[in-house]
Amino acid sequence: MKKYDVTGIGNALVDIEFKVKDQFFIDNQVEKGLMTLVDEDRQNSLMQVINTEEAKKQCGGSAANTVIAVSQFGGKSYYSCKVANDELGKFFVADMKEAGVDNNLNPEKLEEGITGKCLVMVTEDAERTMNTFLGITQTYSIADVNESAIKDSKYLYIEGYLVTSENGKAAMRHAKKLAEDNGVKVAMTFSDPAMVKYFKEAFDDVIGHSVDMLFANEEEAMLYTGKDNLKEAREELKKVAKHFVITQGKNGAMIYDGDTFIDIEPYPTTAIDSNGAGDMFAGAFMYGITNGHSYASSGKLASMASSKIVSQFGPRLKWHEAKDILSKLNP
């Protein structure tokens, strides 16, 4: 028996989420719909023109959201990350503890520096735009990978955003090899279309011969494979992933279980905030496949969970909401 269902590696960011009008992007020269890396001065200048009193703050980062979802559904998860010895770093540590996720952060031994933060700007069409200052998480490296946690897990889950730095990419390769050498399955998410567009060769390097599970949305799948339609893209993905999920927004998702394609129906919802929808889908799905559910059942759970996430503000369910969704799956 493994101690953890999923061990994740990725960025540790404090998400500061707020609502904006489209005019905000024009006035402040922000590219809508993408995750953009910015320096601290740029981020601070944006924060000066937003109403921070109405902002929602919680620990985040793509893989962090996913392993928190695993925990909320009743799974056991671990997160390997890096924060600084500052107010936001201590906030991150406390929030992860409350979320029930074991991690490598010792609040008494955090390094000096600045904890990364992500400004998540949500518009009336429910689209999320992110400006991220990585801070100390940009120095995440092999030294921050907890090898014993990976060895004691059913799955290693790798966040795609780590490809932006050489040390992050080295940590991805190291963790993947460690998992494979110890019979631990490897899952990876592309994280964002911009990552695939600008770091495709880095992904090729990390993926190597293949991964056990890959998460992508439609745009990422087509960008990575160089195909202009989903049917061809999914055939290409078979060459690099034994199993994969392609999320399709309001059209649900498509799962390749290693043999056949499974269409996952969307659940009716009114979208107000798409932030964290893909992370939630991955977390619910990973919980499912590591806790006795079939690929189809796990996809159904993930679809239900992500439809709930987009209907509210913020990337995380409340504990009772996760239990409610599970009860609907297993009435």
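Up top you'll find the structure we're talking about.
As the structure is a computational prediction, the values presented were derived from the model and not from experiment. (Residues numbered from 1 in each chain as written. Predicted model: local features only at pLDDT ≥ 70, side-chain atom pairs only at ≥ 80, totals over all residues. Heavy atoms only, no water.)

J.: Outline the sheet that holds strand E2 (residues 13-19), listing residues and values.
T.: Spatially, 5 strands are ordered E3-E8-E7-E2-E4 in an open sheet, and the strand pairing comes out mixed. The outermost strands of the open sheet, each flanked by one partner alone, are strand E3 (35-37) and strand E4 (56-60). The mean angle between the axes of side-by-side strands here comes to 25°, regardless of whether they run parallel or antiparallel. Here E3 runs beside strand E8 (residues 128-135); their pairing, made up of 3 bridges, is parallel. Within the sheet, the bridge partner assigned to Met35 lies in E8 and is Met130. (Pairing = 2+ DSSP bridges. Helix = DSSP H or I, 4+ residues; strand = E, 2+ residues; numbered from the N terminus. Axes fitted to C-alpha atoms, helices over the stretch in contact; angles between N-to-C directions.)

J.: Hey, could you go over the sheet that holds strand E9 (residues 153-159) for me, with residue numbers and the actual values?
T.: For sheets, the rule is that strands pair by backbone hydrogen bonds, running either parallel or antiparallel. Across the sheet, which stays open at both edges, the 9 strands sit in the order E6-E5-E1-E9-E10-E11-E12-E13-E14 with mixed pairing between neighbours. At either end of the open sheet lies a strand with only one pairing partner, and these are strand E6 (102-103) and strand E14 (261-264). Sheet topology places strand E12 (residues 241-247) next to strand E13 (residues 253-256); 4 bridges connect them, and they run antiparallel. Note on E13: the bridge partner recorded for Thr247 is Ala253. Here helix H3 (residues 62-72) sits on the sheet and contacts strand E1 (4-9), strand E5 (77-80), E9 and strand E10 (185-189); the angle it forms with E5, its principal contact strand, is near 165°. Each of strand E11 (211-217), E12, E13 and E14 touches helix H10 (residues 230-237); the most contacted strand, E12, lies at about 150° to it. (Contact = heavy atoms within 4.5 Å.)

J.: Describe the side chain of Gln72, with residues and values.
T.: Relative to the elements of secondary structure, Gln72 occurs in helix H3. Its relative accessible area of 5% is what places Gln72 among the buried residues. Every residue in contact with Gln72, bar those within four places of it in the chain, is listed here: Arg316, Leu317, Lys318, Trp319 and Ala322. (Buried < 20%, exposed > 50% of the residue type's maximum accessible area, 1.4 Å probe, protein only.)

J.: Describe the packing of aromatic side chains, with residues and values.
T.: Enumeration over the complete set of coordinates arrives at 12 aromatic pairs. Taking 5.0 Å as the distance between ring centres and 40° as the angle between the ring planes, the aromatic pair formed by Tyr256 and Phe261 counts as tilted. Centroid distance Phe285 to Tyr295: 5.8 Å. Interplanar angle 65°. Geometry classified as edge-to-face. Placement of the pair is Phe285 in helix H11 (residues 277-289) and Tyr295 in helix H12 (residues 295-310), with a sequence separation of 10 residues. An aromatic cluster of at least three residues, connected via ring pairs, comprises Tyr157, Phe215, Phe285 and Tyr295. Directly above the aromatic system of Phe91 lies the positively charged group of Lys57, at a separation of 4.7 Å from the ring centroid. The ring centre of Tyr224 lies 4.6 Å from the NZ or CZ of Lys200, which sits over that ring. (Phe/Tyr/Trp six-rings, centres within 6.5 Å; stacked < 30°, edge-to-face > 60°. Lys NZ or Arg CZ within 6 Å of the ring centre and 35° of its normal.)

J.: Run through the environment of Tyr161, naming residues and quoting values.
T.: In this fold, Tyr161 is placed in the loop between E9 and helix H6 (166-181). As for Tyr161 and Thr189, which are separated by 28 residues in sequence, their C-alpha atoms are 8.7 Å apart. In this structure Tyr161 touches Asn11, Met35, Ser62, Arg128, Met130, Ser191, Asp192 and Met195, once residues within four positions along its chain are discounted.

J.: Describe the pairing of strand E7 (residues 115-122), naming the residues involved and giving the relevant values.
T.: The two faces of the sheet receive side chains in turn, since in a regular strand these alternate between them. The buried count for E7 comes to 8 of 8 residues, which makes it a mostly enclosed element. With burial as the criterion, each face of E7 is covered, one bearing Thr115, Lys117, Leu119 and Met121 and the other bearing Gly116, Cys118, Val120 and Val122. Here E7 runs beside E8; their pairing, made up of 7 bridges, is antiparallel. Bridging from a neighbouring strand, Val122 pairs with Arg128 of E8. Taken together, E7 and the strand that follows it, E8, pair antiparallel across an intervening segment of 5 residues, in which Ala126 is found at a positive phi of about 75°.

J.: Give a detailed account of unusual backbone geometry, specifying residues and quantitative values.
T.: Phi at Gln29 takes a positive value of approximately 55°, unusual for a residue other than glycine. Note on placement: Gln29 falls in the loop between helix H1 (22-28) and E3. A residue is classified by how much of its surface remains accessible, and Gln29, at 73% relative accessible area, is exposed. Here the phi dihedral of Ser191 falls at roughly 80°; this positive angle occurs in a residue that is not glycine. Looking at the element boundaries, Ser191 is found in the loop between E10 and helix H7 (193-198). Judged by its relative accessible area of 12%, Ser191 falls in the buried class.

Purely geometric numbers; function is a separate question.
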